[in-house]
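One letter stands for each residue in the lines below.
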Amino acid sequence: MVLGPTGIGKTSAGIILAKEFNSVIISADSRQIYKEIPVGTAAPTPDQQVLVPHYLIGSHSIHDYYNAFEFEQDALKLSELLFNIHDIIFMVGGSMMYIDAFCNGIDDLPTVDDQVRQGLMEKYKNEGIESIRRQLKQLDPDFYNQVDLKNPKRVIHAVEICIMTGKPYSQLRTNPRKNRPFQIIKIGLDMDRGQLYDRINQRVLAMMDGNLEKEAFGLIEHQKLNALNTVGYKELFEYLNNKISKEKAIELIQRNSRHYAKKQLSWFRRDKEINWFHPSHVKEMIELIKTSHIN
RNA sequence: GGUACCAUAGCUCAGUAGGUAGAGCAACGGACUGAAAAUCCGUGUGUCCCUGGUUCGAUUCCAGGUGGUACCA
């Protein structure tokens, strides 16, 4: 498992490692999985994918419904197949919740019906969060006491699950720690924060020199899709809708990418199983894999 | 060279009728169970340019210095 903040160089480090072990890569990236947005997500290029076979890159459409549970299922199925051929396989990505679902498992909850979600969204818009909170307090007082009541998504989702199952959401949250039939070695990539931010800022400029604007322009009719509520696209849609200048959009993409990197580091920091490396220290990573790998 | 104005947080700037200071942005820290590149919460981080003077006390007043800007030469 190679993880780390956006822009740190997971893709190239992962390719070097996978080549070294003559192996393959399963991506753990909630946005590179969509085939329509390779530029803004800095997905591995066709050239890179020739060097090492990649899975779950561009395998889905922005119109598909996808989530962490489905990722867990897809990635587990793939790994089962691939372990028949390879002794070691690599997972490379930075989507925290996807990685967590793959490593530790995630509760099997029903997919939320579109009508239920739409109905609650309407209620939220018209009556405000307080009304959803009251509903949650009634349906699941336990969860009401532990949830972040200021976070609409959390509150709404809990109510959704209560409605879908007819049971309190808190009863369905078992916080699983599933055992996997394979060993997981976690390699985290990190570097000086200022250098990382420089890399991120420059990568955004490189994307703009590339085809990011064209990519976003081509998707403008789908701008409401969740898959496009993504750094790089939401800002460009603002620009293409004449809400902000192009320069402002670029600044915002850079800033939001930095914020995202910080958030990823904040999440990964509390996982004590992660072995941290500078992205250039590939030899040390190989050494770690060789010494900790149990046949 | 002369005159005027300015110098406070990473940046742009407020302010203190003399009691060591605060906004916006940036930054930093955190939460996280099917939307997660999402969503949400928290935190001022400071030789108030330097050296003297007045004062119980100076970032604030005074003098000189340094740097910047504008105008005049």
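It should be emphasised that the depicted structure is a prediction, and the values quoted were computed from it without experimental measurement. (Residues numbered from 1 in each chain as written. Chains lettered and ligands numbered in written order. Predicted model: local features only at pLDDT ≥ 70, side-chain atom pairs only at ≥ 80, totals over all residues. Heavy atoms only, no water.)

### A word on the protein's contact with RNA strand B
- Of all residues adjacent to RNA strand B, which total 48 residues, the nearest are S30, D107, K153, R255 and R270.
- Sugar and phosphate atoms represent 59% of those atoms of RNA strand B found within 4 Å of the protein.
- Taking D108, its main chain carries an N or O atom lying 3.4 Å from a base oxygen of RNA strand B.
- Note that a sugar or linking oxygen of RNA strand B is positioned 3.1 Å from one of the side-chain N or O atoms of N229.
- Mapped by element, the contributors of at least two residues to the surface near RNA strand B are α4 (96–104), α5 (114–127), α8 (152–165), α10 (193–209) and α13 (246–269).
- Counting residues per element, the surface near RNA strand B draws most heavily on α13, at nine residues.
- Residue composition of the surface near RNA strand B, grouped by class: 15 nonpolar, 15 polar and 18 charged. (Near = heavy atom within 4 Å. Polar contact = N/O pair within 3.5 Å; in protein donor to acceptor, adjacent residues only side chain to side chain. Helix = DSSP H or I, 4+ residues; strand = E, 2+ residues; numbered from the N terminus. Nonpolar A, V, L, I, M, F, W, Y, C, P; charged D, E, K, R; others polar.)

### Structural notes on the pattern of salt bridges
- Applying the stated criterion across every chain yields a total of nine salt bridges.
- E160 serves as the salt-bridge partner of R117, at 2.8 Å between the closest nitrogen and oxygen. Note that R117 is positioned in helix α5 and E160 in helix α8, a separation of 43 residues in sequence.
- According to the relative accessible area criterion, E160 is buried, its value standing at 1%.
- Among the ionic pairs, E273 bridges to K186, the shortest N-O distance being 3.1 Å. Taken together, the residues E273 in the loop between α13 and β6 (274–277) and K186 in strand β5 (residues 186–189) connect sequence positions 87 residues apart.
- Residue E273 is classed as partly exposed on the basis of its relative accessible area of 45%.
- Overlapping salt bridges bring together R177, K186, D271 and E273 as one network. (Salt bridge = Lys/Arg side-chain N within 4 Å of Asp/Glu carboxyl O. Buried < 20%, exposed > 50% of the residue type's maximum accessible area, 1.4 Å probe, protein only.)

### Comments concerning helix α14 (residues 282–292)
- Along α14, the positions that sit buried rather than exposed are V282, M285, I286, L288 and I289. Along the long axis of α14, the arc covered by the buried residues comes to 160°, so they all point the same way. Along α14, exposed side chains directed more than 90 degrees from the buried face belong to K283 and T291. (Arc of directions from axis to C-beta.)

### Brief notes about the packing of helix α1 (residues 10–20) against α14
- Across the interface, α1 lies against α14 with an axial gap of 11 Å and an inter-helix angle of 45°. Comparing their axes, α14 and α1 come out oblique. Here α1 and α14 pass one another in a crossing that is right-handed. Along its contact with α1, which presents I16, L17 and E20, the element α14 presents V282, M285, I286, I289 and K290.
- Class assignment of the residues belonging to the contact of α1 with α14 gives a composition of six nonpolar, no polar and two charged. (Axes fitted to C-alpha atoms, helices over the stretch in contact; angles between N-to-C directions. Parallel < 35°, antiparallel > 145°, perpendicular 65-115°, else oblique. Left-handed = near helix turned anticlockwise from the far one by under 90°. Contact = heavy atoms within 4.5 Å.)

### Observations regarding unusual backbone geometry
- Phi is positive for L56, which is not a glycine, with a value near 65°.
- Non-glycine residue N242 carries a positive phi angle of around 65°.
- Locating N242 in the fold gives a position in the loop between α12 (234–240) and α13.
- For N242, a relative accessible area of 71% gives the class exposed.

### Observations regarding the packing of helix α3 (residues 68–83) against α4
- Their axes nearest at 8 Å, the elements α3 and α4 cross at an angle of 50°. As summarised for this structure, α3 and α4 are arranged oblique, according to the angle between their axes. Crossing geometry of α3 relative to α4 is assigned as right-handed. Between α3 and α4, the contacting residues are A68, F71, E72, A75, L76 and S79 on the first element and M97, Y98, A101 and F102 on the second.

### Describing the side chain of E235
- Following the sequence through the fold, E235 ends up in helix α12.
- Comment: no salt bridge for buried E235; closest opposite-charge side chain is K234, at 5.0 Å.
- Setting aside residues up to four positions removed in sequence, E235 forms contacts with T230, I244, A249, L252, I253 and N256. (Lys, Arg positive; Asp, Glu negative; His and termini not counted.)

That is the geometry; function is a separate question.
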